[in-house]
Amino acid sequence: MRSGPLVIDIAGTQLTEEDVQLLHDPRVGGLILFSRNYQHRQQLVDLIQQVRALRPDLLIMTDQEGGRVQRFKAEFTRIPAMGRLVKTAQSENIEVTTLLRDVGWLLASELLACGIDLTLAPVVDLDRGISDVVGDRAFAEDPQHVIEYAGAFIQGLTAAGMSACIKHFPGHGGVAEDSHHHQVVDERSFEDIMATDGFTFKAFIDQGIPAVMASHVVFPKVSAEPTGFSRYWLTTVLREKLGFKGVILSDDLSMHGANWVNGSAVAQAQAALDAGCDLLLVCNQRAKVLQLLQQPTFAQRDCANQINVLRANSSVDFGQLQQDARWEETRTRLMRWSYD
């Protein structure tokens with residue numbers, strides 16, 4: 001079956017008739033799950049099984065980073081934000097990279113045990129002390145530390161059988177505003193960006209990272225469009241100059257920072273595709289999804305190959321996971337630390 005570029009959401013903990021209709025549309029290639037879709041672990045497993053029965057080819061993803069961005073909490077291990085985790089480990093003289101490999105493995109294993117293919121992590125933006133929306137979601141301020149620490153986390157994800165998706169290219173840490181709620185402008189030059197934030201992305205691209213999420217930040221000294229709508233950023237820089245061969249995901253096209261394109265939802269989404277995005281996230285605005293899918297000529301491309309790259313390559317039995325000493329030891333260590 002053909003799988004298109006749209007990644008959509010659902011409103012509740014069970015599929016509605018409209019959800020079923022939309023998920024059957026071959027232009028939908030993925031489903032992203034949020035906290036509102038979760039009551040308890042078995043309910044999540046049942047929901048995902050229903051989705052798989054409808055469309056076994058769908059890419060099922062979530063945002064499970066830890067800290068402020070952890071969609072599933074009850075019956076999952078509570079994980080601190082990565083920046084906080086690094087500082088806590090350092091304060092207790094714990095070897096940071098070993099811990100982060102274990103945390104990445106645990107986080108991925110718990111999601112895989114529910115049938116989720118992908119978490120949109122890690123954040124490899126720099127915590128420059130400017131951006132509240134990035135803040136302690138970042139591993140560190142120094143690019144070399146981010147490469148080391150995020151790299152260890154990615155090794156853990158990979159060991160469990162899950163791909164990594166680094167974000168938010170080419171860096172969201174240099175601006176105070178949150179692109180969820182504002183149109184965000186970063187006045188730095190291309191050289192400055194690529195010597196700092198962009199340096200981390202290049203390092204992971206050189207290592208063969210499978211997925212990159214583009215930011216909605218505008219860098220006017222580089223391109224007039226937000227990154228996710230900029231052919232210069234996504235095609236000239238990311239594909240050609242940096243040699244990225246993997247999957248490019250848009251950030252959520254319902255965010256305020258995506259309101260750069262005047263006109264219809266179709267015009268906006270098409271602009272992101274034309275710039276170089278492979279998969280388009282459209283979340284929390286069902287009306288926008290309906291507008292896109294009511295246009296019969298929109299998104300008539302097959303993204304099955306890109307989706308298959310990101311599908312989980314292993315399954316995890318939760319009962320066996322609970323018996324795993326690595327899971328128990330990592331979980332016990334994390335549970336000792338307090339959470340916001």
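Procedures and definitions
- Residues numbered from 1 in each chain as written.
- Predicted model: local features only at pLDDT ≥ 70, side-chain atom pairs only at ≥ 80, totals over all residues.
- Heavy atoms only, no water.
- Salt bridge = Lys/Arg side-chain N within 4 Å of Asp/Glu carboxyl O.
- Helix = DSSP H or I, 4+ residues; strand = E, 2+ residues; numbered from the N terminus.
- Buried < 20%, exposed > 50% of the residue type's maximum accessible area, 1.4 Å probe, protein only.
- Polar contact = N/O pair within 3.5 Å; in protein donor to acceptor, adjacent residues only side chain to side chain.
- Contact = heavy atoms within 4.5 Å.
- Pairing = 2+ DSSP bridges.
- Arc of directions from axis to C-beta.
- Phe/Tyr/Trp six-rings, centres within 6.5 Å; stacked < 30°, edge-to-face > 60°.

Caption draft 1: Representation of the pattern of salt bridges. Tallied over the full model, the rule gives 19 salt bridges. K167 serves as the salt-bridge partner of E65, at 2.9 Å between the closest nitrogen and oxygen. Linking E65 in strand 4 (residues 64-66) with K167 in strand 7 (residues 165-169), this pair joins segments that are 102 residues apart in sequence. Judged by its relative accessible area of 3%, K167 is buried. Its salt-bridge partner being R188, residue D197 comes within 2.8 Å of it at the nearest N-O pair.

Caption draft 2: The environment of D324, seen in detail. Mapped onto the elements, D324 comes out in the loop between helix 12 (318-322) and helix 13 (325-335). Under the relative-accessibility criterion, D324 is labelled partly exposed at 29%. Looking at D324, its side chain comes within polar contact range of the main-chain nitrogen of R326, at 2.8 Å.

Caption draft 3: Representation of the side chain of D102. By the element assignment, D102 lies in helix 4 (residues 96-112). If near-sequence neighbours (up to four positions away) are discounted, D102 is found in contact with R326 and T330.

Caption draft 4: Up close: the sheet that holds strand 10 (residues 280-281). Read from one edge of the open sheet, 5 strands run 6-3-2-1-10, paired in parallel fashion. Two strands bound the open sheet, and with one partner strand each, they are strand 6 (118-119) and strand 10. Two elements, strand 3 (residues 59-62) and strand 6, share 2 bridges in a ladder whose sense is parallel. What sits directly across from M61, in strand 6, is L118.

Caption draft 5: Just helix 13, in detail. Buried within helix 13 we find W327, T330 and L334. What you see down the axis of helix 13 is that its buried residues fit within an arc of 75°, all on one side. Among the exposed residues of helix 13, those oriented more than 90 degrees off its buried face are E329 and M335. If you follow the buried residues of helix 13, they end up packed against helix 3 (82-91), helix 4 and helix 12. Among the residues of helix 13, the N-terminal cap falls to D324, whose side-chain oxygen and the backbone nitrogen of R326 are separated by 2.8 Å.

Caption draft 6: Focus on the packing of aromatic side chains. Applying the stated criterion across every chain, the model contains 11 aromatic pairs. Seen in terms of ring centroids, Y38 and F72 are 5.1 Å apart; in terms of plane orientation they differ by 45°. Their pairing is tilted. You can see Y38 sitting in the loop between strand 2 (28-33) and helix 2 (41-54) and its partner F72 sitting in the loop between strand 5 (69-70) and helix 3, a full 34 residues away along the chain. A relative accessible area of 11% places Y38 in the buried class. The interplanar angle of 80° and the centroid separation of 6.3 Å between the aromatic rings of F318 and W327 together place this pair among those described as edge-to-face. Using a relative accessible area of 5% as the deciding quantity, one classes W327 as buried.

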